[in-house]
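Here is what each chain is made of, one letter per residue.
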Amino acid sequence: MDERPIGLMDSGLGGLSVMRVLHQQLPKESLVFVGDQGHFPYGTKSQDELQHLVLNIGHFLVEQDIKMMIVACNTATGAALPLLQQTLPVPVIGVIEPGAIAAVHHHLKTVGVIGTASTIKKGAYPATIHRLAPQMTVYSHAAQEMVPIVEHGLTGTPQAQETVNAALQFFDQHPVDGLILGCTHFPFLAPEIRQKMGPNVRLIDPAYETIKQAQATLTAQELLADQDAGTVKLYTTGDRADLVTGAQQWLAGQFTSCDHVDL
């Protein structure tokens, strides 16, 4: 048994959607989250920039004595996962392969992927899906404009629905059976996405398969915690108040501390 925390990172608030599932599924685990809001958005940055930012966060999390890192950001996963796995002394899990696995498990014929411009350009989702299920049709579409809706606390508003409707018009001409939410911000827009896509399109949140993989790794390496309840520490490279607001909304206020950090 290992009481050390699990580290998570994202470009902003989106990673809280993964953290929320992790906290629900493994409540005994302590968690440390870094939201890199000081360098938001990630989706328009170069590969070199992303690798530099994400590796800095990885080193910071290792300094917090983590036992595992979850890259709770599709853009960062696509840009830096192999680098992190080669560099850090702990297991590192991303969200792209779990998202692809989840889509394949649902036996869909046609699946859509929405993400940031960087994630879609990288093409990691179609490549991973076609490796697992060559016969599946995949339509990828950048929906970068949906990310600031979450960061600015506008979910559940008419503006959010209008933004989602416009961003997902692509699928009017490219109908799908399922839609991978290939940005960790997007689960917070699930009601608006369902409204646009209709009840027959399955929404796939990679967080659930990601946590399943994390639990399997922790179990295999005998790293699971065995305490009454874990602590939840939050850090932001941006405005602390923004992360506090997001955490109060999306984590139901279930966090131990929230601090600013310069990285």
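Residues numbered from 1 in each chain as written. Predicted model: local features only at pLDDT ≥ 70, side-chain atom pairs only at ≥ 80, totals over all residues. Heavy atoms only, no water.

Participant: So what's going on with helix H1 (residues 16–25)? Which residues, and what values?
Facilitator: The element H1 is largely enclosed, with a buried count of 7 among its 10 residues. Turning to H1, its buried residues number three or more, namely Leu16, Ser17, Val18, Met19, Val21, Leu22 and His23. (Buried < 20%, exposed > 50% of the residue type's maximum accessible area, 1.4 Å probe, protein only. Helix = DSSP H or I, 4+ residues; strand = E, 2+ residues; numbered from the N terminus.)

Participant: Any details on the pattern of salt bridges? Residues and values, ideally.
Facilitator: By the definition in use, this model includes 6 salt bridges. Between Arg4 and Asp2 there is a salt bridge, and its shortest N-O distance comes to 2.8 Å. The partner of Asp226 in a salt bridge is Lys28, and the shortest N-O contact between them spans 3.4 Å. Within this pair, whereas Asp226 is found in the loop between helix H11 (207–220) and strand E9 (232–236), its partner Lys28 is found in the loop between H1 and strand E2 (31–35), the two being separated by 198 residues in sequence. (Salt bridge = Lys/Arg side-chain N within 4 Å of Asp/Glu carboxyl O.)

Participant: Residues and numbers for the sheet that holds strand E5 (residues 110–115), please.
Facilitator: What holds strands together in a sheet is hydrogen bonding between their backbones, with the strands either parallel or antiparallel. Overall, parallel pairing links the 4 strands, which are arranged E6-E5-E7-E8 in an open sheet. In this open sheet, the two edge strands, each paired with only one partner strand, are strand E6 (137–142) and strand E8 (202–204). For this sheet the average axis-to-axis angle between neighbouring strands, irrespective of direction, equals 20°. Bridge count between E5 and strand E7 (residues 178–181): 4 bridges; the pairing is parallel. Note that in E7 the partner of Gly112 across the bridge is Leu179. Contacts from helix H4 (residues 96–105) reach E5, E7 and E8, with the element oriented near 155° to E8. (Pairing = 2+ DSSP bridges. Axes fitted to C-alpha atoms, helices over the stretch in contact; angles between N-to-C directions. Contact = heavy atoms within 4.5 Å.)

Participant: An account of empty space enclosed by the protein is requested, with residue identities and associated values reported.
Facilitator: By the definition in use, this model includes 2 cavities of 30 Å³ or more. Along the wall of the largest cavity there are 15 residues; nearest its centre are Ser11, Thr75, Thr116, Cys183 and His185. Its residues placed into classes, the lining of the largest cavity shows 6 nonpolar, 8 polar and 1 charged. Empty space within the second largest cavity amounts to approximately 30 Å³. Every residue lining the second largest cavity is listed: Ser17, Val18, Asn74, Val95, Leu181, Cys183, Thr184, Pro187, Asp205, Pro206 and Ala207. (1 Å grid on protein atoms, 1.4 Å probe; cavity = no way out; pocket = protein on both sides within 12 Å on 5 of 7 lines; lining within 4 Å. Points joined across faces, edges and corners; volume = space filled by probe spheres on them. Nonpolar A, V, L, I, M, F, W, Y, C, P; charged D, E, K, R; others polar.)

Participant: So what's going on with the side chain of Asn74? Residues and values would help.
Facilitator: Along the polypeptide, Asn74 turns up in helix H3 (residues 74–87). Residue Asn74 is classed as buried on the basis of its relative accessible area of 3%. At 2.6 Å, the side chain of Asn74 and the side chain of Tyr125 are in polar contact. Excluding residues within four positions of it along the chain, Asn74 makes contact with Val95, Ile96, Thr119, Tyr125, Leu181, Gly182, Cys183 and Thr184. (Polar contact = N/O pair within 3.5 Å; in protein donor to acceptor, adjacent residues only side chain to side chain.)

Participant: Which residues make up unusual backbone geometry, and what values do they have?
Facilitator: A cis geometry characterises the amide bond from Phe40 onward to Pro41, with omega recorded as 5°. Its place among the elements puts Pro41 in the loop between E2 and helix H2 (47–63). Positive phi outside glycine occurs at Glu222, with the angle close to 55°. Structurally, Glu222 is set in the loop between H11 and E9. Residues other than glycine seldom take positive phi values, yet Ala252 does so here, at roughly 55°. Considering the arrangement of structural elements, one finds Ala252 in the loop between helix H12 (240–250) and strand E10 (257–260).

Participant: Outline the nonpolar core, listing residues and values.
Facilitator: If you look at the biggest cluster of nonpolar residues, it comprises 52 residues, and the most contacted ones within it are Leu8, Ile114, Met146 and Ile193. Not counting residues up to four positions away in its chain, the partners in contact with Leu8 are Val18, Met19, Leu22, Leu31, Val32, Phe33, Val34, Leu61, Ile70 and Ala72. (Core = buried A, V, L, I, M, F, W, Y, C linked by side-chain atoms within 4.5 Å.)

Participant: Quick rundown of the packing of aromatic side chains? Include the residues and the values.
Facilitator: Scanning the entire structure with this criterion turns up 4 aromatic pairs. Here the aromatic rings of Tyr139 and Phe170 are separated by 6.5 Å at their centres, their planes lie at 75°, and the arrangement is edge-to-face. Of the two residues, Tyr139 is situated in strand E6 and Phe170 in helix H9 (residues 170–173); the sequence distance between them amounts to 31 residues. Owing to a relative accessible area of 23%, Phe170 belongs among the partly exposed residues under this scheme. Between Phe188 and Trp250 the ring centres are 3.8 Å apart and the planes differ by 25°, which places this aromatic pair in the stacked class. Taken together, the positions of Phe188 in the loop between E7 and helix H10 (190–197) and Trp250 in helix H12 put the pair 62 residues apart, joining distant regions of the chain. By the burial criterion, Phe188 is buried, and Trp250 matches it. In this structure an aromatic cluster arises from ring pairing among Tyr139, Phe170 and Phe171. (Phe/Tyr/Trp six-rings, centres within 6.5 Å; stacked < 30°, edge-to-face > 60°.)

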